[in-house]
Amino acid sequence: MFETFFPQLIGLCTGALLLTSALMVWRHSLLASIRLLALQGVALAALVAVIGIAEGESELGLVSLLILSVKGIGLPWVLAYQSKASIKQIQESTRLNPTAALLAVTLLSILSYVVVSRVFGLGDSSTGHAAPIGLAMVLIGFLLLISRRRARSQLIGFLVLDNGIATTTFLTSGGVPILLEFAVSLDVLLVVLILHVFTGRMRTKFGGTAVDQLRELHD
Amino acid sequence: MSFVLWIPLVGPLVFAALSLLLRGSSLRRFVGVAASSAVLVSGLFLISAVLNGDIPEGGGGILRADALSAYMLSVVGAVGLISTWGGLSSAASSRTKNAAGYEALIALFLAAMSLAVLADSIGLMWAAVEATTIATAFLVGHHRTRRSLEAAWKYVILGSVGVAIALLGIVLIYAASVGTDTPTLSWILLSQSTRGLDPALITAGGALAVLGFATKSGLAPMHSWLPDAHSQAPAPVSGLMSGVLLSVALYAILRIQSITNLVIGPEFLRTMLSIAGLLSLLVAASLLIRQRDYKRMLAYSSIEHMGLMAIGVAIGPAALPSVLLYILGHGLIKATLFVLSGRILKIEGTPVIADVRALLVRRPGLAIPWLIAMAAIVGFPPFSIFFSEVGIIMAGWSVGLGGVVGAALVLLLVIFAAFTRLTVQMTIGAPATTVPPSPQAFTPDYSTHGPILPIILALATTATIAFVAEPVGTLLLQATAVLGGTN
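What you see is a predicted model; the values in this text were computed from it and never measured. (Residues numbered from 1 in each chain as written. Chains lettered and ligands numbered in written order. Predicted model: local features only at pLDDT ≥ 70, side-chain atom pairs only at ≥ 80, totals over all residues.)

> So what exactly am I meant to see when it comes to the overall build of chain A here?
Scanning chain A from N- to C-terminus turns up nine helices and zero strands. Along chain A, from the amino end to the carboxyl end, the secondary structure elements read α-α-α-α-α-α-α-α-α. Here the C-alpha atoms of chain A give a radius of gyration of 18 Å, agreeing with the 17 Å that 2.2 N^0.38 yields for 219 residues. Seen along its three principal axes, the alpha-carbon backbone of chain A occupies a region of about 55 × 35 × 35 Å. Restricting the contact set of chain A to residue pairs at least 6 apart, pairs at least 24 apart contribute 71%. (Helix = DSSP H or I, 4+ residues; strand = E, 2+ residues; numbered from the N terminus. Rg over C-alpha atoms; globule rule 2.2 N^0.38 Å. Contact = placed C-beta atoms within 7 Å.)

> What am I meant to see in the overall build of chain B here?
From N to C terminus, chain B includes 19 helices and two strands. The globule rule puts the C-alpha radius of gyration for 487 residues at 23 Å, and the 22 Å found for chain B is close to it. Based on the C-alpha atoms only, the size of chain B along its principal axes is roughly 80 × 55 × 45 Å. Counting every position in chain B, which comprises 487 residues, the buried fraction comes to 62%. (Buried ≥ 20, exposed ≤ 12 C-beta atoms within 10 Å, placed from the backbone.)

> How do you make sense of the packing of helix H4 (residues 97–118) of chain B against helix H10 (residues 235–264) of chain B when you look at a structure like this?
Packed helices, taken two at a time, are described by the angle between their axes plus the distance between the axes. Residue and element names in this part refer to chain B. One way to put it is that H4 packs onto H10 with a least axis distance of 10 Å and a crossing angle of 25°. Viewed along their axes, H4 and H10 adopt a mutual orientation that is roughly parallel. Between H4 and H10 the crossing geometry is left-handed. Contacts between H4 and H10 involve Phe109, Met113, Ala116 and Val117 on the former and, on the latter, Leu240, Val244, Leu245, Val248 and Tyr251. Class assignment for the residues of the contact of H4 with H10 results in nine nonpolar, no polar and no charged. (Axes fitted to C-alpha atoms, helices over the stretch in contact; angles between N-to-C directions. Parallel < 35°, antiparallel > 145°, perpendicular 65-115°, else oblique. Left-handed = near helix turned anticlockwise from the far one by under 90°. Nonpolar A, V, L, I, M, F, W, Y, C, P; charged D, E, K, R; others polar.)

> Please explain the confidence of the model for chain A as it appears in this structure.
Averaged over every residue, the pLDDT of chain A is 87; the share at 70 or more is 97%. The weakest mean pLDDT in chain A belongs to helix H4 (residues 84–89) of chain A at 69; the strongest belongs to helix H7 (residues 132–147) of chain A at 93. (pLDDT = per-residue confidence, 0-100.)

> Even after reading the chapter, I still don't get the interface of chain B and chain A, so can you show me in this structure?
It is common to give the size of an interface as the accessible area lost on bringing the parts into contact. Opposite the 34 residues of chain B that make contact, chain A presents 32 residues. Contributing elements (two or more residues each) for the side of chain B that touches chain A: helix H5 (122–140), helix H6 (146–178) and helix H8 (199–216) of chain B. Among the elements that take part in the side of chain B that touches chain A, H6(B) stands out by supplying 19 residues, more than any other. Residues that form the side of chain B that touches chain A fall into these classes: 25 nonpolar, three polar and six charged.

> Looking at this structure, I do not really get unusual backbone geometry. What am I missing?
Trans is the prevailing form of peptide bonds, just as negative phi is the prevailing case for residues other than glycine. Residue and element names in this part refer to chain B. Following alanine 220, the chain continues into proline 221 via a peptide bond in cis, with omega recorded as 0°. Of the consecutive residues glutamate 470 and proline 471, the connecting peptide bond is found in the cis state with omega at 5°. Examined against the element boundaries, proline 471 turns out to sit in helix H19 (residues 469–482). In this model, arginine 144 sits at a positive phi of 55°, which is unusual for a non-glycine residue. As for its placement among the helices and strands, arginine 144 is situated in the loop between H5 and H6. Overall, the presence of 13 C-beta atoms within 10 Å leaves arginine 144 in the partly exposed class.

> What am I meant to see in helix H17 (residues 402–427) of chain B here?
An α-helix turns once per 3.6 residues; consequently, residues spaced three or four apart project the same way. All names here are of chain B. Between the first and last C-alpha of H17 there are 37 Å, a value that for 26 residues agrees with the 38 Å anticipated at 1.5 Å per step. Residues of H17 that are buried: Val404, Val405, Ala408, Leu411, Leu412, Ile415, Ala418, Phe419, Leu422, Thr423, Met426 and Thr427. If you follow the buried residues of H17, they end up packed against helix H11 (267–289), helix H12 (294–315), helix H14 (359–362), helix H15 (364–377) and helix H16 (384–398). Directly beyond the C-terminal end of H17, a positive phi value near 115° is found at glycine 429. (Expected span 1.5 Å × (residues − 1).)

> What should I look at first to understand the packing of H6(B) against H8(B) in this one?
Residues and elements named next belong to chain B. In contact at an axis separation of 7 Å, H6 and H8 are set at 160° when each is read in the N-to-C sense. Taken together, the axis directions place H6 and H8 in an arrangement best described as roughly antiparallel. The two elements H6 and H8 meet at a crossing, and its hand is left-handed.

> What am I meant to see in helix H18 (residues 453–464) of chain B here?
Its 12 residues place the ends of H18(B) 16 Å apart at the C-alpha level, agreeing with the 16 Å of an ideal helix rising 1.5 Å per residue. Of the surrounding elements, those touching the buried residues of H18(B) are helix H3 (67–86), helix H13 (320–348), H15 and H16 of chain B.

> Where do I start with the environment of Thr474(B) in this structure?
Residue and element names in this part refer to chain B. Within the secondary structure layout, threonine 474 lies in helix H19. Given 13 C-beta atoms within 10 Å, threonine 474 falls into the partly exposed group. Residues threonine 474 and leucine 51, spaced 423 residues apart in sequence, show a C-alpha to C-alpha distance of 8.1 Å.

> Help me understand the environment of Leu39(A), please; the structure alone is not making it clear to me.
Residue and element names in this part refer to chain A. The residue leucine 39 is located in helix H2 (residues 30–55) in this model. The exposure class assigned to leucine 39 is partly exposed, which follows from the 18 C-beta atoms found within 10 Å. A C-alpha to C-alpha distance of 13 Å links leucine 39 and alanine 22, two positions 17 residues apart in sequence.

> Looking at this model, I keep getting lost on the environment of Ser109(A). Mind explaining?
All names here are of chain A. Here serine 109 lies in helix H5 (residues 98–119). Serine 109 sits in the buried class, given 20 other C-beta atoms within 10 Å. On a C-alpha basis, the gap between serine 109 and arginine 215 in space is 33 Å, while along the polypeptide they are 106 residues apart. Other than its neighbours up to four places away in sequence, serine 109 contacts Leu18 and Ala136.

> What am I meant to see in the confidence of the model for chain B here?
Should pLDDT be low for a region, the predicted coordinates there are not to be read in detail. Summary statistics for chain B give a mean pLDDT of 91 and a share of 97% for residues scoring 70 or more. This prediction of the complex comes with two scores: 0.94 for pTM and 0.93 for ipTM.

This is the structure:
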């Protein structure tokens, strides 16, 4: 019963991951991006749970819960930690217009399919066939990091990159040892908290959070 | 013996907690010194164990101290001691609330670096390297000025993105091991030659992991965070980051290299590291010629030395003893220079080279150690950096990388000239005549403005260590053998 659903469930979860990444590139509102990030976290947790059930590993259930609490709830909550009214106003002014950005997303996705199938071969498992999604998310995360001007939007780019790495991990090797999983989650959480504090300091020192203002240090 | 493995991890954490608990006590300023001493002493204990043929393991195989790990741990401790002791804050300033966090973060930073060199799992090593970014983020932004905030932001973003790429690489290496009997991230298991790891995954994983750790070790073209972070951080933090954090990242590259070498041979990473090394030397040379800020000058010098070390790593086992000696010599001298630069900045109030003139006449107490350390960093004998550089260049010739080391030698000459010019500009010459002439202008200041003993120790160690064949030479050869080199 589950075996017939398994490829479809994997497809559904990875599809949701790719779709949320692409939508994040398209949407300019910060609140929308944060909600999409939360959705992506939930999709990642679901993916891990599906793989866990398929392989019969209870450890992955624990990892799935960890991801749900950190990436699905914790990090989006930290990012949105501000009054709802003011956060709705924040619009990102990107360096790319939406059409060009979406075109770039398409190209990056094709690129990652080509790279993964040429270099490693897709294999014959349904997880192997979905593996290029992870690389595509990493590349989309880079695109967000480069094209966004606001501190918090860059932070979202970093988190998409990190989700991409996690997706690659689960699709290629069914997860890393749980100790490492904890360490990675903790590290990401702390990095986000630190950057969040810096964003606050930036607001008081520079009167805004546009990263373009950081150009005093150069040679 | 295995309990010694826990001292460099638990000791600094205890001192960090003490720093937060000792409210308003001036004892707090010794937290960094105590933590570094704990790391250094345990490092020396582990070295003596290793030289007796023992390889201590702890925590069910999570921690492991072979010759390379023990050596790196001692380097972390020694450079930490010089940086924290030399940059000891005054009793009054150590009572503030800010100082508590500062000392605690320094101790955490030391613990994270110790974990990075002692971890057997490359996954745990990764997590520890990332933890160093976390510990140093607020240290770089410690002064809370606009500039330090900018430096800290760039540092954290570039550092964590770089290290995230390394994680992707490590994940692929793990995926390669899933195809074998026992999936593992243990370095000792991965570097057994008979495992049959998938070459395509190891190539991609190794390349990404090295790229990621190269970002953290300040190799061009991913170096752009380094001059900003080093110039804005407080002097002891710059000394620690430049002296050991970069080398700990290089250590990670060494471990990854020993895995990829077994599966795909040395050529692939050799090309990658040679390009990165030469590019780093080129970046350092071109930006040192017109440098105006002496802390940034030291930062570019770190890029230069890391570049040459990367070339040494590319050359392979023949150059590795020199590279390892280089790590110690560069760490100690760079920590000394950053400590001194912090004192000059405090007294003179300016980081601009052109504004600091005739230091030798006005403040010989600072200028003399500065000149000696500068001579050591540009590679004058008897300091060990000279012997390391010669060793790397000779090894390069012997394995047929003459073109690479030849180009490196030309760039080193340019850097040498640039350094000499900048140092002369700062130290030699007559003081500017002030109108009206102030009476203080011509009374030379012999004060060293801080503890002089750590500086003497660092200079004396680097001046003599290259001549000590036993046990230093034996240890370096053992450490090279750990990485699969027979030499």
